[in-house]
Amino acid sequence: LFTIIACGVIMVVLISDSQEDQAINEARLLAIETGEMFSYSLDQAIAPLFSLAQFVQQLSEFDGLAETIGPAGEPGSAPLIPRDDGVPSHRNVTGICDDGPTLARFNEIAADIKRNAGMEKVLV
């Protein structure tokens, strides 16, 4: 009788361990698949941004913007704008990058890149 009870307890423990291992493996697989999905989505979103950056660097309409904006923190350069925590996060380029022709050309190029990448509603 003791042997039968011991065998039953061992079977219950083995089945329980097997189910736990299966649940862990399923959770790992889900985590890997989710990570791959996020990685793919980020790759899709980043590629158009690199394209836009290349266009801005290559087209003569945008020549001189970097020099006009100037090095961060230098006198005469476009000022840094701090986040809520006080750490600068970007530059105030008002009056530099928002003139009509420059802004219109940039928006035209950006719209084409977003449309061709299928990211019109994802990238702003």
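Residues numbered from 1 in each chain as written. Predicted model: local features only at pLDDT ≥ 70, side-chain atom pairs only at ≥ 80, totals over all residues. Heavy atoms only, no water.

A.B. asks: Help me out: how do you make sense of the side chain of Thr102 in this one?
C.D. replies: Note on placement: Thr102 falls in helix α3 (residues 100-117). A distance of 2.8 Å separates the side chain of Thr102 from the side chain of Asp99, its partner in a polar contact. The residues contacting Thr102, other than those within four sequence positions of it, are Phe62, Leu65 and Cys97. (Helix = DSSP H or I, 4+ residues; strand = E, 2+ residues; numbered from the N terminus. Polar contact = N/O pair within 3.5 Å; in protein donor to acceptor, adjacent residues only side chain to side chain. Contact = heavy atoms within 4.5 Å.)

A.B. asks: What should I look at first to understand α3 in this one?
C.D. replies: Owing to its 3.6 residues per turn, the α-helix aligns residues three or four sequence positions apart on the same side. The end-to-end C-alpha distance of α3, which contains 18 residues, comes to 26 Å, matching closely the 26 Å that a straight helix rising 1.5 Å per residue would cover. Those residues of α3 lying buried are Thr102, Ile109, Ala110, Ile113 and Lys114. Down the axis of α3, the sector holding all buried residues measures 130°, keeping them to one side. When the buried face of α3 is taken as reference, the exposed residues oriented beyond 90 degrees from it are Pro101 and Asn116. Gly118, located one to two residues past α3, shows a positive phi value of around 70°. (Expected span 1.5 Å × (residues − 1). Buried < 20%, exposed > 50% of the residue type's maximum accessible area, 1.4 Å probe, protein only. Arc of directions from axis to C-beta.)

A.B. asks: Can you walk me through the nonpolar core in this structure?
C.D. replies: Soluble globular proteins tend to pack their nonpolar side chains together in the buried interior. Of all hydrophobic cores here, the largest spans nine residues; its members are Leu52, Phe62, Leu65, Ile69, Ala78, Ile96, Ile109, Ala110 and Ile113. Those elements that place two or more of their residues in this core are α2 (65-69) and α3. Top contributing element to this core by residue count: α3, with three residues. The residues contacting Ile109, other than those within four sequence positions of it, are Leu52, Phe55, Leu59 and Phe62. (Core = buried A, V, L, I, M, F, W, Y, C linked by side-chain atoms within 4.5 Å.)

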